[in-house]
Amino acid sequence: MSSTLGLINLKHSMTSSPKIDPFPPGHCEVFDLKPSGKVASVELIKFHNFRDEPQHAAYDSLGKLPAGTDRDTIKGNIRLLFENAVRKRLMAHRRIGCLLSGGLDSSLVAATLRKLMKENNLPYPLQTFAIGMEDSPDLQAARKVTRDVPDVTQHE
C-alpha cells in the first residue's frame, strides 16, 4: 500500500487564493488543533537572531582546553568536548529522544544525555528509539542499554 493514498483525490474549494507567507527564520510556532480538525496559530516565538551569539557558544570550550600531551589531559579534553557536544542538544523546545543502534557511540550518548538530564532536572525520562529486525544483535544491545540506564524508556 502506498503512503500517498491519503492524498489521492484531495480537493478543497476556496473562494480566493490563499495568502502564503514565508516562515521567518529563528522562530517556532505553537498551534492549537481544534476538535473539528482545523488548526489555529496560538503563538509565534522568536528564539534566535542571526546577529546574536549562538547559545551553544558557551559550550564551545576548544580555546579553554588544558594544554598538554599527557594521557590524562587528552582523556579529560575528549570527555569535556564530548559532554559539551551532548549538552548542546539539551537546548531544545521539546522532549529529548535518542536513537540507539546498540553500539558504543549511541550507548555513550544515551548515558551522557541521561546524566545531563538529571543534572538539569528535566521532568521526563529519556526516550530511546531503536530500529532493526526482531531479535537482531543491534536491538538486543539497545534493549540492554535501556535496562542499564535508569529512567530510560524504549520504543522500537
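Reading the values: rules and limits
- Residues numbered from 1 in each chain as written.
- Predicted model: local features only at pLDDT ≥ 70, side-chain atom pairs only at ≥ 80, totals over all residues.
- Heavy atoms only, no water.
- Helix = DSSP H or I, 4+ residues; strand = E, 2+ residues; numbered from the N terminus.
- Buried < 20%, exposed > 50% of the residue type's maximum accessible area, 1.4 Å probe, protein only.
- Areas by Shrake-Rupley, 256 points an atom, 1.4 Å probe, with all protein chains shown as cover.
- Expected span 1.5 Å × (residues − 1).
- Contact = heavy atoms within 4.5 Å.
- Patch = residues over 30% accessible without salt bridge, like charges linked within 9 Å, V, L, I, M, F, W, Y side chains within 5 Å.
- Salt bridge = Lys/Arg side-chain N within 4 Å of Asp/Glu carboxyl O.
- Axes fitted to C-alpha atoms, helices over the stretch in contact; angles between N-to-C directions.
- Parallel < 35°, antiparallel > 145°, perpendicular 65-115°, else oblique.
- Left-handed = near helix turned anticlockwise from the far one by under 90°.
- Nonpolar A, V, L, I, M, F, W, Y, C, P; charged D, E, K, R; others polar.

- The name given to the protein in an unreviewed UniProt entry is Asparagine synthetase domain-containing protein, with the source organism recorded as Engystomops pustulosus.

### Some words on the overall build of the protein
- Scanning the protein from terminus to terminus reveals three helices and five strands.
- Helices and strands appear in the protein in the N-to-C order β-β-α-β-α-β-α-β.
- For the protein, buried positions account for 22% of its 156 residues.
- When the accessible surface of the protein is summed, it comes to about 12100 Å², and 57% of that surface belongs to carbon and sulfur atoms.

### What about helix α1 (residues 71-88)?
- Compared with the 26 Å implied by 1.5 Å per residue over 18 residues, the 26 Å span of α1 between its first and last C-alpha is a close match.
- All buried positions along α1 are accounted for by Thr73, Asn77, Glu83, Asn84, Val86 and Arg87.
- Elements that come into contact with the buried residues of α1 comprise α2 (104-119).

### Overview of the environment of Thr146
- In this fold, Thr146 is placed in helix α3 (residues 137-148).
- For Thr146, a relative accessible area of 13% translates into the label buried.
- C-alpha separation for the pair Thr146 and Ala110, spaced 36 residues apart in sequence, amounts to 8.8 Å.

### Overview of a nonpolar patch on the surface
- Taken together, the side chains of Phe31, Leu33 and Val39 define a hydrophobic patch exposed on the protein surface, amounting to about 330 Å² of accessible area.
- Inspection of the secondary structure assignment puts Leu33 in strand β1 (residues 27-33).

### Some details on the packing of α1 against α2
- Closest axis-to-axis distance for the α1/α2 pair is 10 Å, and the angle between their directions is 70°. Of the possible angle classes, the one that applies to α1 and α2 is roughly perpendicular. For the element pair α1 and α2, the recorded crossing hand is right-handed. Counting all contacts with α1, which are made through Phe82, Glu83, Val86 and Arg87, the residues of α2 involved are Leu108, Val109, Thr112, Leu113, Lys115, Leu116 and Glu119.
- Taken together, the residues of the contact of α1 with α2 sort by class into six nonpolar, one polar and four charged.

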